[in-house]
Amino acid sequence: MTASATPPPNPLPSGADVDEVVVLDFGGQYSQLIARRVRECGVFSELLPHHVGADEVRRRNPKGIILSGGPASVYAPEAPPLDPALLEIGVPVLGICYGMQLLAKELGGRVESAEVGEYGRSQLTVHEHGTLLKGQPDEQPAWMSHRDTVYTPPEGAVALASSTSSPVAAFESAERRLYGIQYHPEVVHTPYGQQTLQTFLRDVCGCDLNWSAANIAEEQIRLIREQVGDGKVICALSGGVDSSVAALLVHQAIGDQLTCVFVDHGLLRKNEGEQVKKMFGEHFKVPLVVVDAKDRFLDRLSGLTDPEAKRKTIGTEFIRIFEEEALKLAAPAGDPGEAPADTDVEVSGEPSGGARFLVQGTLYSDVIESGGGTGAATIKSHHNVGGLPDDIEFELVEPLRALFKDEVRAVGTEIGLPERMVWRQPFPGPGLAIRIVGGVVTEEKLDILRECDAILQEEVRAAGLYRELWQSFCVLPDVRTVGVQGDERTYGYVVAVRAVTSDDAMTADWARLPYDLLDQVATRMVGEVRQVNRVVLDITSKPPGTIEWE
Ligand code: XMP
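**Structural notes on the site of the ligand**
Then comes step 1: Within the structure, the ligand sits among 13 residues, and R311, Q471, K542, I547 and E548 are positioned closest to it.
Then comes step 2: One nitrogen or oxygen atom from the side chain of R311 is found 2.5 Å from an oxygen atom belonging to the ligand.
Then comes step 3: E548 is positioned with one of its side-chain polar atoms (N or O) 2.6 Å from an oxygen atom of the ligand.
Then comes step 4: In isolation the ligand exposes 500 Å². Once the protein is present, 86% of that is buried.
Then comes step 5: Of the residues contributing to the shell around the ligand, the split by class is 5 nonpolar, 4 polar and 4 charged.
Then comes step 6: When residues of the shell around the ligand are sorted by domain, at least three fall in each of domain 2 (214-422) and domain 3 (442-538).

Structure below.
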């Protein structure tokens, strides 16, 4: 196998003073999770494709290396190999599942395909605790997912444990500082997994367990200052968690050198635009350009019902407006640039010209996905602000590129972003337009949907369920039904309630909301929103449904 893709740049710029452990990804389902668990132990970790090569790993100056699991058999012709030079770097190596089998095969152990694979919960029996398993019970559950099995540990290594179907389920060679575990320490079904990782990091690699997402805020602020100097910076603010945290971090670093641009496309939820203006413009006093482009978007959407056509139109229009503002802000100070057509621009603070930098809320998951990976996961397309004009070039400022989503939330809390914003449920870029389905988007329908959505959010929050749900929202199909209200026949809209639980939006389950809550929501919607006379509940999971209806 050749190293085809360029490895992702280190998300922690040089100069960051933290211990790091590199996780090499052999295509395992849980590789990202290993990196996250290492971070939860208090050690910064990066996930790199397995083929990056020992030099790239050495450049990180890691205190240890973890080899992830993977779907291949070590004997398959296309099996990703272990680069022996990794073992010469001189730091401890822990192989997990496939990673363990690679170590065993490379170093004189015996690995063979077992008659019976071991999938799911298994029982681990510890015969020798060694360093890796010290302080752990002799019998413990562990999560397995393998067919190849290690029968003899590498030369000089001691077998520590066996399991129902694995004669060697863990080994260590203290002298060579090589460790292997067949089970998955990163999943919750392995109750002593996190302890095993912590022991490896602290007692084997000698790491300080002091890294946390929250305490890197200060570090990031220093690095932003270093990168930007006295340059001018712009940021597209959506009100979502990522752009809000990124903008606020940059503002704390360089103050009024930052100008945020908030494009209000009129497809937001009730009061959302006002909240962004209040929070950033008034409370945090970030120079803010608010572009009221409601009419422009409604105009472009007129006559459109096809979901893809709507998405494309909104995406293109959004980029066009942002471009217009970016061009103005990049122009030398004092040059007002061209005013965009059909928009109303409101400015607070003192945006200045000559911007050379652009803030993006890129997350570590985006970095991994664009870094050549191992092809383990199918990547969902992103809907961030994408294309920029050809004739201006910005240098990117990406203060979140080392962080996972939950870590971004921790940073947001640390730097004073209100709880309501830090824990905001995801909201799609095209906004309410993709929740008005089957008919054209009109101002009236947007208003109906906004009112119903506000009622749902209020009740979900009052029931204490907001944070438990991945998303909760309303959908307005182009359907009217007959009803009876106050002895009169009505012919009104149907509103659908959609609430789902999910970890990553790739799959989702419909949320079992309490009947009382549903009753209250339906009663209020029909009572308070004149045009609505029926409420239904969407009980489809994903797959086969998607979360949004369009
Ligand atoms: P689906 O509907 O594909 O949605 O199950 C998965 C997640 O993505 C969000 N979503 C979007 N987010 N721009 C976004 O920023 C979009 O065009 C978009 N479409 C869907 C959706 O809300 C859910 O969280």
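**Thoughts on the sheet that holds strand β7 (residues 158-163)**
Sheet strands pair by backbone hydrogen bonding; their relative direction is either parallel or antiparallel.
Then comes step 1: With mixed pairing, 9 strands are arranged side by side in an open sheet as β2-β1-β3-β4-β9-β8-β7-β5-β6. The open sheet is flanked by β2 (44-49) and β6 (139-152), the only strands paired with a single partner. Pairwise comparison of adjacent strand axes, ignoring direction, gives a mean angle of 20° for this sheet.
Then comes step 2: Relative to strand β3 (residues 64-67), strand β1 (residues 20-25) runs parallel, the two being bridged by 4 bridges. Paired with L24 across the bridge in β3 is L67.

**Quick look at the packing of helix α5 (residues 217-228) against helix α6 (residues 241-254)**
Then comes step 1: At a minimum axis distance of 9 Å, the contact between α5 and α6 shows a crossing angle of 65°. By the angle between their axes, α5 is roughly perpendicular relative to α6. Remark: the crossing between α5 and α6 carries right-handed chirality. Listed contacts from α6 to A217, Q220, I221, I224, R225 and V228 of α5 are L249, V250, Q252, A253 and I254.

**A word on the pattern of salt bridges**
Then comes step 1: For the structure shown, the criterion picks out 39 salt bridges.
Then comes step 2: A salt bridge links R300 to D299; the shortest N-O distance between them is 3.4 Å.
Then comes step 3: Here R435 ties to E548 by a salt bridge, and the two come within 2.9 Å at their closest N and O atoms. Of this pair, R435 sits in the loop between α12 (419-422) and β16 (436-437) while E548 sits in the segment after β21 (532-537); the two residues are 113 residues apart in sequence, bridging distant segments of the chain. Residues R435 and E548 agree in their burial class; the two are buried.
Then comes step 4: Several salt bridges converge on common partners, so that one network encompasses R296, D299, R300, E317, R320 and E324.

**Here's the deal with the confidence of the model for the chain**
Then comes step 1: Counting all residues, the mean pLDDT for the chain is 90, and 91% of those residues have values of 70 or more.
Then comes step 2: Note on residues 1-6: pLDDT under 50 across the span, and 11 contacts to partners over four residues away in sequence or across chains.
Then comes step 3: Scored below 50 in pLDDT, residues 372-389 makes 30 contacts in the model with residues more than four places away or belonging to other chains.

**Comments concerning the layout of surface pockets**
Then comes step 1: Roughly 540 Å³ of volume is contained in the second largest pocket.
Then comes step 2: What lines the second largest pocket is a set of 23 residues, among which K270, Q275, R420, Q457 and R461 lie closest to the centre.
Then comes step 3: At the level of elements, α7 (272-283), α12, α13 (443-462) and α14 (515-528) are the ones that each hand at least two residues to the lining of the second largest pocket.
Then comes step 4: Counting residues per element, the lining of the second largest pocket draws most heavily on α13, which supplies 7 residues.
Then comes step 5: Residue composition of the lining of the second largest pocket, grouped by class: 8 nonpolar, 4 polar and 11 charged.
Then comes step 6: For the lining of the second largest pocket, the two domains that each supply at least three residues are domain 2 (214-422) and domain 3 (442-538).

**Considering the environment of V263**
Then comes step 1: Positionally, V263 belongs in strand β11 (residues 258-264).
Then comes step 2: When the C-alpha positions of V263 and Q471 are compared, they lie 23 Å apart, and in sequence the two are 208 residues distant.
Then comes step 3: Apart from residues no more than four positions distant in its own chain, V263 is found in contact with L237, V291, F297, F318 and I321.

**Things to note about the packing of aromatic side chains**
Then comes step 1: Counted by the stated rule, this structure contains 5 aromatic pairs.
Then comes step 2: Aromatic pair Y179 and F200: ring centres 6.0 Å apart, planes at 70°, arrangement edge-to-face. Of this pair, Y179 sits in strand β9 (residues 178-181) while F200 is found in helix α4 (residues 193-204), placing the two residues 21 residues apart along the sequence.
Then comes step 3: Between the aromatic rings of Y364 and F404, the centroid separation amounts to 5.4 Å while the plane-to-plane angle is 80°, which identifies the pairing as edge-to-face. Of this pair, Y364 sits in helix α10 (residues 364-369) while F404 is found in the loop between β15 (395-397) and α11 (405-414), placing the two residues 40 residues apart along the sequence. Each member of the pair Y364 and F404 is classed as buried.
Then comes step 4: Its guanidinium or amino end placed over the ring of Y364, R39 lies 4.9 Å from that ring's centre, counting from NZ or CZ.
Then comes step 5: Cation over ring: R461 sits above Y466, and NZ or CZ is 3.8 Å from the ring centre.

What counts as what
- Residues numbered from 1 in each chain as written.
- Predicted model: local features only at pLDDT ≥ 70, side-chain atom pairs only at ≥ 80, totals over all residues.
- Heavy atoms only, no water.
- Near = heavy atom within 4 Å.
- Polar contact = N/O pair within 3.5 Å; in protein donor to acceptor, adjacent residues only side chain to side chain.
- Areas by Shrake-Rupley, 256 points an atom, 1.4 Å probe, with all protein chains shown as cover.
- Nonpolar A, V, L, I, M, F, W, Y, C, P; charged D, E, K, R; others polar.
- Domains from an automatic or database assignment.
- Pairing = 2+ DSSP bridges.
- Helix = DSSP H or I, 4+ residues; strand = E, 2+ residues; numbered from the N terminus.
- Axes fitted to C-alpha atoms, helices over the stretch in contact; angles between N-to-C directions.
- Parallel < 35°, antiparallel > 145°, perpendicular 65-115°, else oblique.
- Left-handed = near helix turned anticlockwise from the far one by under 90°.
- Contact = heavy atoms within 4.5 Å.
- Salt bridge = Lys/Arg side-chain N within 4 Å of Asp/Glu carboxyl O.
- Buried < 20%, exposed > 50% of the residue type's maximum accessible area, 1.4 Å probe, protein only.
- pLDDT = per-residue confidence, 0-100.
- 1 Å grid on protein atoms, 1.4 Å probe; cavity = no way out; pocket = protein on both sides within 12 Å on 5 of 7 lines; lining within 4 Å.
- Points joined across faces, edges and corners; volume = space filled by probe spheres on them.
- Phe/Tyr/Trp six-rings, centres within 6.5 Å; stacked < 30°, edge-to-face > 60°.
- Lys NZ or Arg CZ within 6 Å of the ring centre and 35° of its normal.

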